[in-house]
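# Structural features, examined
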Amino acid sequence: MDMLEIMKTQQKYCSDHRDMPNELQIKAKSLCWEYNQSRPDESEKRAEILQNLFGTCHPLTFVEPSFRCDYGFNIHTHGLTIINYNCVILDTSPVNIGNNAFIAPGVCLACAGHAIDAEQRAYGIGTSAPITIGDDVWIGANSTVCGGVSIGNGTIIGAGSVVTKDIPSGVIAVGNPCRVLREITEEDKMEPLKF
């Protein structure tokens, strides 16, 4: 199995930076640059760039610039996905984003990590683990989701949270480290204004 095949698996791994497919990272950076320079009214151009950048890109995927990612091919959207301003996805492992996902401004989805030992870290030894975001998830502004984490369906991650462990379905979770605050109930339904 080569490095590219390992990167596409759902297994966590440890790697040497020299083994990573740098040419694919240059391609992703170029596509991100092109996307971030596009005009707000160039929706067809933006959709085409995302189709070329992401591994799986549902037609209802909307990303506000500025957007950055490491490789792109490891990002998979599986339905309506709204990624707001200034999002970063370090996709050294697969990032699966479920249907009806709302990702607020400033969110970082970071599969990649570094060695704990300083000498190994300086040498370029790193880690990676996949991220799975379920259906109907809302990740609040300036939150970070770390590698190896799954967020269950219908869950809300509060703004500024650092998600280091799995979060179950149907809850509001907040904090650093992120932890479950409470379940989402029928009492959370709102009545919008009617005109």
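Below, the structure is looked at part by part.

About the thresholds
For every chain, the first residue of the written sequence is number 1, and numbering continues from 1 onward in sequence order. Local features in this predicted model are restricted to residues whose pLDDT is 70 or higher, and side-chain atom pairs enter the listing and the counts only when it is 80 or higher, whereas totals over whole chains, interfaces and linings include all residues. Here the side-chain values reflect all heavy atoms present in the structure, with hydrogen atoms and water set aside. The buried label goes to any residue with under 20% of its type's maximum accessible area, the exposed label to any with over 50%, and the partly exposed label to all in between, with areas taken from a 1.4 Å probe on protein chains only. Helical segments are the DSSP runs of H or I of at least four residues, strand segments are the runs of E of at least two, and each set is numbered from the N terminus. Note on pairing: two strands pair once DSSP finds at least 2 bridges between them. We call a set of buried Ala, Val, Leu, Ile, Met, Phe, Trp, Tyr and Cys residues a nonpolar core when their side-chain atoms join them within 4.5 Å. Contacts: residue pairs with any heavy atoms within 4.5 Å of one another. Directions are taken from the helix axis to each C-beta atom, and the arc is the one they span. An expected span of 1.5 Å times one less than the residue number is assigned to each helix.

Little of strand S19 (residues 179-183) sits out of view: just zero of its five residues are buried. Bridge count for strand S18 (residues 171-174) against S19 is four bridges, and the pairing is antiparallel. Opposite Val-174, over in S19, you have Arg-179 as the bridge partner. Linking two consecutive strands that pair antiparallel, namely S18 and S19, is a turn of four residues; a positive phi of about 105° is found at Gly-175 within it.

A few words on the nonpolar core. With 36 residues, the main nonpolar core has Phe-67, Ile-89, Leu-109 and Ile-139 as its most contacted residues. For this core, the secondary-structure elements that each account for two or more residues are helix H2 (22-37), helix H3 (43-53), strand S3 (67-69), strand S6 (87-90), strand S7 (95-97), strand S8 (101-103), strand S12 (131-133) and S18. Among the elements that make up this core, the one with the highest residue count is H2 (four residues). Not counting residues within four places of it along the chain, the set of residues in contact with Ile-89 comprises Phe-67, Arg-68, Cys-69, Asp-70, Ile-75, Ile-83, Val-95 and Leu-109. Grouped together as the second largest cluster of nonpolar side chains are six residues, Met-3, Met-7, Tyr-71 and Phe-73 included.

Where H3 is concerned, the buried positions are Arg-46, Ile-49, Leu-50 and Leu-53. Taken down its axis, H3 places every buried residue within 100° of arc, on the same side. Projecting away from the buried face of H3 at angles above 90 degrees are the exposed residues Glu-44 and Glu-48. Tucked inside the fold, the buried residues of H3 contact H2, strand S2 (61-63) and S3.

Structurally, Thr-144 can be placed in strand S14 (residues 144-146). Owing to a relative accessible area of 25%, Thr-144 belongs among the partly exposed residues under this scheme. Note: C-alpha distance between Thr-144 and Ala-122 (22 residues apart in sequence) is 23 Å. Setting aside its immediate chain neighbours within four residues, Thr-144 contacts Cys-108, Ser-161, Val-162 and Val-163.

Tracing the backbone through its elements, the reader meets Pro-40 in the loop between H2 and H3. With 25 residues separating them along the chain, Pro-40 and Pro-65 place their C-alpha atoms 9.1 Å apart.

Its 16 residues give H2 an end-to-end C-alpha distance of 23 Å, which sits within 8% of 22 Å, the value for a rise of 1.5 Å per residue. Residues of H2 that are buried: Gln-25, Ala-28, Leu-31, Cys-32, Tyr-35 and Asn-36. For H2, the arc enclosing every buried residue in end-on projection is 135°, short of the 170-degree limit, so these residues lie on one face. Exposed side chains of H2 directed beyond 90 degrees from the buried face belong to Glu-23, Ile-26 and Trp-33. Packing partners of the buried residues in H2 comprise H3, S2 and S3.

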